[in-house]
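Residues per chain are reported as follows:
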Amino acid sequence: HAAELRRLYDACSLLRDLHRLLYLSRRLRELLEPEPTDMAMAAEYVHEARVILANSDLSGIDAADAELPRLQRAEGVVVARAVETLAHGMEVGNHADIGMALQTLVNLHRLREYVRAAVRSQCDKATAAVASLSLAGVSSCSSPGGG
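Overview of the structure. Just so you know, the residues in each chain are numbered from 1, in the order the chain's sequence is written. Local features are withheld for residues below a pLDDT of 70 in this predicted model, meaning they are given only at 70 or higher, and side-chain atom pairs are given and counted only at 80 or more; totals for whole chains, interfaces and linings count all residues. Each side-chain value is worked out from all heavy atoms of the structure, with water and hydrogens disregarded.

## Observations regarding the nonpolar core
Turning to step 1, where the next piece is worked out: In this structure, Leu-21, Leu-28, Leu-32, Val-78 and Leu-108 are the most contacted members of the largest nonpolar core, which totals 27 residues.
Turning to step 2, where the next piece is worked out: Comment: elements are numbered from the N terminus, with helices defined as DSSP H or I runs of at least four residues and strands as E runs of at least two. If you list the elements that add at least two residues to this core, you get helix H1 (2–32), helix H2 (39–55), helix H3 (62–92), helix H4 (95–108) and helix H5 (111–142).
Turning to step 3, where the next piece is worked out: Beyond its immediate stretch of four places on either side in the chain, Leu-32 contacts Met-39, Ala-42, Ala-74, Val-77 and Val-78. Take the buried residues of types Ala, Val, Leu, Ile, Met, Phe, Trp, Tyr and Cys, join any two whose side-chain atoms come within 4.5 Å, and each joined set is a nonpolar core. Relative accessibility thresholds used throughout: buried, under 20% of the residue-type maximum; exposed, over 50%; partly exposed, between the two (1.4 Å probe, protein chains only). By definition in these notes, contact holds between two residues if any of their heavy atoms fall within 4.5 Å.

Take a look at the structure:
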C-alpha cells in the first residue's frame, strides 16, 4: 500500500503543479494582452512558472508543453519592458519608472545582471561625455584667441 500511496501522492503533486502553471499562464495573458499593465506582478508569475518548471517534470504533458512557448514569450515581454522602462527612466530622471523597472527585475530574480548592464551603460555615456568635453576644451584652447 505504501507504493500505491506514494504514486498517488506524486500524481497529485504533478496535477497541482500543472494546475498552478496553467493558472499562471492565464493570469500572464490577462496582464500582458492586449497591452502590458502590471509588470511587477507579471514578473512574479513568470518567476513562479520558471520555478515550477524547474522543480517538476511536466514534460510530455500536452497542456504543459502547449504553455511553454507562451510562458517564454511572456518572460521576454516582461524583461524587455523592464529594461526599456529602466533605460528610459534613467535617461529622463523618472523615479517612478526606475522604481517600477527595478521592482519588476527583483520579482524576476534578475536584478543584478540588468542593473550591472544599466550602470555600465551609464558609465560608458559619462566617459564619452567627459572625453568629448575634454576634446572640445582642448580645441577651444588651441584656437586663435582662445586663451
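We are not done yet, so read on.
## Observations concerning H3
Turning to step 1, where the next piece is worked out: Expected span of a helix: the number of residues minus one, times 1.5 Å. Counted at 1.5 Å a residue, the expected span for H3 with its 31 residues is 45 Å, and the 46 Å between its end C-alpha atoms agrees.
Turning to step 2, where the next piece is worked out: We define the bend at each residue as the angle formed by axes fitted to the 7 residues ending at it and the 7 residues starting at it. Largest kink in H3: about 30°, centred on Leu-68, with the proline Pro-69 one to four residues after it.
Turning to step 3, where the next piece is worked out: Residues of H3 that are buried: Ala-64, Glu-67, Leu-71, Ala-74, Glu-75, Val-78, Val-79, Ala-82, Thr-85, Leu-86 and Gly-89.
Turning to step 4, where the next piece is worked out: Positive phi appears at Gly-93, one or two residues downstream of H3, with a value of about 75°.

## Examining H4
Turning to step 1, where the next piece is worked out: In a regular helix each residue adds 1.5 Å, so 14 residues correspond to 20 Å; H4 covers 20 Å between its end C-alpha atoms and thus fits that length.
Turning to step 2, where the next piece is worked out: By the N-cap criterion, in which a side-chain oxygen at the helix start approaches the backbone nitrogen of a residue two or three places on, H4 is capped by Asn-94, the distance to Ala-96 being 3.0 Å. Think of a polar contact as two N or O atoms within 3.5 Å of one another; within protein, one of them needs to be a possible hydrogen donor and the other a possible acceptor, and neighboring residues in sequence only count if both atoms come from side chains.

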